[in-house]
Amino acid sequence: MTLRERMKKGPVFGITCFTAAACAVEAIGNWGYDFVYLDLEHCPLDGPNNMEKLIMAARLAHIPAVVRVTGTDEVEIRKVLEMGAEGIVVPHTRTKEDAQDMVRAAKFPPLGRRGAESNVRSAGFGGPTFSWSDYVAKSNAETLVIPMDEDFEFTDNLDEILDVPGVDGINFGPIDYSLSIGAKVGYATEDPRVADAYTKLAKGCQKRGIAVMCPVVPGTRENIEAAIGRGINMLILGNDMYHLQNALKTMKKDAIDVIREKEKNTN
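Nothing here was measured: the structure is a model prediction, and the numbers come from that model.

About the thresholds
- Residues numbered from 1 in each chain as written.
- Predicted model: local features only at pLDDT ≥ 70, side-chain atom pairs only at ≥ 80, totals over all residues.
- Heavy atoms only, no water.
- Disulfide = S-S within 2.5 Å.
- Buried < 20%, exposed > 50% of the residue type's maximum accessible area, 1.4 Å probe, protein only.
- Helix = DSSP H or I, 4+ residues; strand = E, 2+ residues; numbered from the N terminus.
- Pairing = 2+ DSSP bridges.
- Right-handed = clockwise from strand over helix to strand, strands pointing away.
- Axes fitted to C-alpha atoms, helices over the stretch in contact; angles between N-to-C directions.
- Parallel < 35°, antiparallel > 145°, perpendicular 65-115°, else oblique.
- Left-handed = near helix turned anticlockwise from the far one by under 90°.
- Contact = heavy atoms within 4.5 Å.

Here the focus is the state of the cysteines. In total, this model carries zero disulfides according to the counting rule given. Of all cysteine sulfurs, the one in Cys 17 lies closest to Cys 23, which takes part in no disulfide; the gap is 8.1 Å. Overall, the relative accessible area of 58% leaves Cys 23 in the exposed class.

Glancing now at the pairing of strand 7 (residues 211–215). Most of strand 7 sits inside the fold, with five of its five residues counted as buried. Of the two faces of strand 7, the one lined by Ala 211, Met 213 and Pro 215 and the one lined by Val 212 and Cys 214 are each fully buried. In the sheet, strand 6 (residues 169–172) pairs with strand 7 via three bridges, with the strands oriented parallel. The residue bridging Asn 171 from the neighbouring strand is Met 213, located in strand 7. Alignment of strand 7 against strand 8 (residues 234–239), held across three bridges, turns out to be parallel. Across the sheet, residue Met 213 finds its bridge partner in strand 8, namely Met 234. For the crossover that starts at strand 7, traverses helix 11 (residues 221–229) and ends in the parallel strand 8, the hand is right-handed.

Along strand 1 (residues 12–17), five of the six residues are buried, which leaves the element largely enclosed by surrounding structure. Where the polypeptide runs from strand 1 across helix 2 (residues 22–30) and back to strand 2 (residues 35–39), its parallel neighbour, the crossover connection is right-handed.

On to the packing of helix 9 (residues 174–181) against helix 10 (residues 192–208). Axis separation between helix 9 and helix 10 bottoms out at 10 Å; the angle between their running directions is 125 degrees. Relative to helix 10, the element helix 9 is oriented oblique. In the crossing of helix 9 with helix 10, the sense of the turn from one axis to the other is right-handed. Two secondary-structure elements touch here, helix 9 through Tyr 177, Ser 178 and Ile 181 and helix 10 through Arg 193, Val 194 and Ala 197.

Here you go:
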């Protein structure tokens, strides 16, 4: 089932993979998450072969992959989609022109100007059942284009960006948004200016039937319920490094507590 099909059934949830480890992607898929969020902006991926490996791991584990690319470069966008990603997330979208550029790069004509090649994974490498018309139609129907709202300029140009045809969702980034306005940095939208920006985004997206993607950290039951209540329907429940760090922190604390308690009882 594609991510777009899953989204039609209700809110979806995924995990970001920051370790660039294929085994982490497989584990996320094995646990039945709706998507894995792969990253070219912050992760130590030193070439297209590493991203291809992660996307292949996602396909092996039957989990859709979306890739945060580095910008609106049409070749980079085309490559990750041809590798088998189901969608792109584009950081620091500030204008409608940014949104138009990413749609143009991700969609085939007449929706965009994406270049085509049949000898790629997304086309089944031009195998025995390949059809150009089917491939183009399927790609245009299933590929997700998700700009990021993480700068005050996005809010300034909100309606123009949301009105761009082909925009399927918006990824709200509270950390960079906070940085852009000099607010306290964190996943929680404590600053009223950040909260107001999110509220305006959620209302605009709801009006247009556009999905809202946002990190929900920590991914507790209470936070998940609150997020869905705020209109977030693509929930990013942290990342592999975040969960590893928390597990290491908790285990170390428990071990130290046990050792100190034993020493106290001995003395």
